[in-house]
Structures are given as C-alpha cells and as structure tokens.
Amino acid sequence: MPTTQQLQDFTQQVRRDILRMVHKVNSGHPGGSLGCAEFITCLYQEVMEYSTDFTMDGKNEDLFFLSNGHISPVFYSVLAHSGFFPVEELSTFRLLNSRLQGHPTTHEGLPGIRIASGSLGQGMSNGIGAAQAKKLNGDDKIVYTLHGDGELQEGQNWEAIMYASAKKVDNIICTIDLNEKQIDGTTDEVLAMGSIRAKFEAFDWDVIDVEKGNDIDAILAGLSEAKSLTGKGKPVCILLHTEMGNGVDFMMHTHAWHGKAPNDDQLENALAQNPATLGDY
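The following refers to the structure shown.

Procedures and definitions
All residue numbers refer to position in the chain's written sequence, counted from 1. Reporting in this predicted model follows two pLDDT cut-offs: at least 70 for local features of residues, and 80 or more for side-chain atom pairs to be given and counted; totals over whole chains, interfaces and linings ignore these cut-offs and use all residues. Remark: hydrogens and water are excluded; side-chain values derive from all non-hydrogen atoms of the structure. Runs of H or I in DSSP of at least four residues are treated as helices and runs of E of at least two as strands, each being numbered from the N terminus. Radius of gyration: over C-alpha atoms. The globule rule applied is 2.2 Å multiplied by the number of residues raised to the 0.38 power. Buried means the residue's accessible area, taken with a 1.4 Å probe over protein chains only, is under 20% of the maximum for its type, while exposed means over 50%, and partly exposed covers the values in between. Note on contacts: a residue pair qualifies if any of its non-hydrogen atoms lie within 4.5 Å across the two residues. Residue burial considers only the protein chains on display, and all accessible areas are found by Shrake-Rupley using a 1.4 Å probe. Residues scored as charged are limited to Lys and Arg (positive) and Asp and Glu (negative), so that His and the chain ends carry no count. We put the charge of a Lys on NZ, of an Arg on CZ, of an Asp on CG and of a Glu on CD. Using a 1 Å grid laid over the protein atoms alone, points where a 1.4 Å probe fits but cannot get out form a cavity; open sets with protein on both sides within 12 Å along at least 5 of 7 lines form a pocket; any residue with an atom within 4 Å of a point counts as lining. Grid points are joined across faces, edges and corners, and a volume is the space filled by probe spheres set on the points. Ten residues, namely Ala, Val, Leu, Ile, Met, Phe, Trp, Tyr, Cys and Pro, are considered nonpolar, four, namely Asp, Glu, Lys and Arg, are considered charged, and the remaining ones, Gly among them, are considered polar.

**Observations regarding the overall build of the protein chain**
Phase 1: Within the protein chain, the secondary structure is distributed over 10 helices and seven strands.
Phase 2: What you see for the protein chain is a C-alpha radius of gyration of 18 Å, in line with the 19 Å of a compact globule of 281 residues.
Phase 3: Counting every position in the protein chain, which comprises 281 residues, the buried fraction comes to 54%.
Phase 4: Sequence-distant contacts, at least 24 apart, represent 76% of the contacts inside the protein chain between residues at least 6 apart.
Phase 5: As displayed, the protein chain offers around 11400 Å² of accessible surface, 47% of which is attributable to carbon and sulfur atoms.
Phase 6: Here the protein chain holds 21 positive side-chain charges and 38 negative ones, and the gap between their average locations is 5 Å.

Structural data, given as structure tokens:
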C-alpha cells in the first residue's frame, strides 16, 4: 500500500495535470477537479480492487462511476497514472477526435470509462443498477459513485436514493462532494437544500461525514468506515467536505473557477504551488 506521502505526491501531480489540461484548450472545469483530487487518488491508489485490463462489465472488480462528469480532468489524470491508458494522452484533452472529451463518453473506448456522464443527476441510477447486477451475479465487490452537491438539485437523484434504500442496495457507496459551490454561486444562493445528511437519513441511508475532505488520512478513514457499513441492508453515503480549487490559493474559497481556465500567468502561479512529483506528460 502507498504511504500517505506517496498519495500526496500522486495528488499533487494530478493537480498539475488538471491545470495544464484546461489551460491548453482554455476550457474545462478546474475547481471541482482540484477539490476531488485527493478523493479519487485514494480510491484508485489504495481503496478499490480493479484490473487495468479493462472490461465494461467489471466482473469481480470494484466499480467507480463519476456522475458530475464535468470534473473529467481529475478522473482522466488519475486513470492515466493508475495505468489505464498512456499518461501522454492527457495532452489531447478536449481536442477534436480525442478520447478525452470534456465530459466522459463511452463510444471513444477510453479504458476506465463505463458511462457517459456530465448530464447531471444520472450517475447514481447507473451505480445502483451496477450494484444490483453484482448482487444477481454473486459478485461481492462494491460500487462507488461521486456526485456534486449542486447536482442533488436534480430530481432523478431522489428517485434513485429512494429506490436504493427500498431495495436494500447495500453494496454501493455514494459520495457527495460537499463544497457548497456551483457555477452560479453557493448552493444556498442557487437553491438551498437544507441538511443533506438529514435528507439521506430520512431516505434510510447510512451516512458518514468526512469533515476534512482534502486530507488523505481522513478520506481513507472515511472510506474504511463506509466499507464496514456495506452488506448490512442499507446503501451508504459519504458527505465529503471539500474545498473547490484546493491546492491553488487563488482558486480556493470562491465558485469563480468552477468552469474557467487559468491564463498564462495564472497557470505559472498555480504550477509553482504544485511542483511536479511524477513527471509531466
């Protein structure tokens, strides 16, 4: 298993990749990508059991579904550095005929991508379906999903949340990126949702909070606790309290970088805060 320092180094390189990818094409979503870099790093570098000999059905493997697909830069970087496809391919992000589209899609055949996502609110339904398929197949592995907190303003999520508990889908761990920001402002300003914990608990989910959602050790502890709750008749939700734009001082504590690329000077500043650890593509 990698050490905490190794996971931090991996995350730092992922941050560099995110920044360089969106800068090159002056397009993309760095804020949420940076905020979830530690979490997705932990999933793929320590927590999940998977094969890089990729198949769409993923039998006898843990699965991950990214519902808020606009944070594709962090997903692509982690997949590449985890061995799913060449790291050099990150340089094609959002270019014509690239397999690395702005929102992940399946028809390009990019290893690691099992659903098209970014049309928000649908990933939980996909994850629940995969989790039920695993139960039917006698497959004891776990399905992980990631969602934005603003994404919970979409109605299909609540149908899925109700269904999962009613059908006792207890082999799924859904994580909510609780950064309290979305493209037009804070989630409270756009459409206040009250207590997300209370809502999931009212739908009969087990819920845990990871208050330090950008801390490697806290994330690993939260995922370990979540995994210990699986198989007990209830779906599991992690509320991951993150900072949008984490690791780049001028991108933090604001929603402004949800969907905006840095200019040349801003990129230089941001990269100076995140020196290369694994080598740039």
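**A look at helix H4 (residues 72–81)**
Phase 1: The buried fraction of H4 amounts to 10 of the 10 residues, a majority that puts the element mostly inside the structure.
Phase 2: Taken together, the buried positions of H4 are Ser72, Pro73, Val74, Phe75, Tyr76, Ser77, Val78, Leu79, Ala80 and His81.
Phase 3: Downstream of H4 by one or two residues, Gly83 has phi in the positive range, about 100 degrees.

**With respect to the layout of surface pockets**
Phase 1: The volume enclosed by the largest pocket comes to roughly 260 Å³.
Phase 2: Lining the largest pocket are 21 residues, and of these His70, Leu120, Glu151, Gln182 and His258 sit closest to its centre.
Phase 3: Grouping the constituent residues of the lining of the largest pocket by class yields four nonpolar, 12 polar and five charged.
Phase 4: The space that makes up the second largest pocket amounts to roughly 190 Å³.
Phase 5: Together, Asp149, Leu178, Glu180, Thr187, Asp188, Met193, Gly194, Ser195, Ile196, Arg197, Leu239 and His241 line the second largest pocket.
Phase 6: Those elements giving two or more residues to the lining of the second largest pocket turn out to be helix H7 (187–191) and helix H8 (196–202).
Phase 7: When the residues that make up the lining of the second largest pocket are grouped by side-chain class, the tally is four nonpolar, four polar and four charged.

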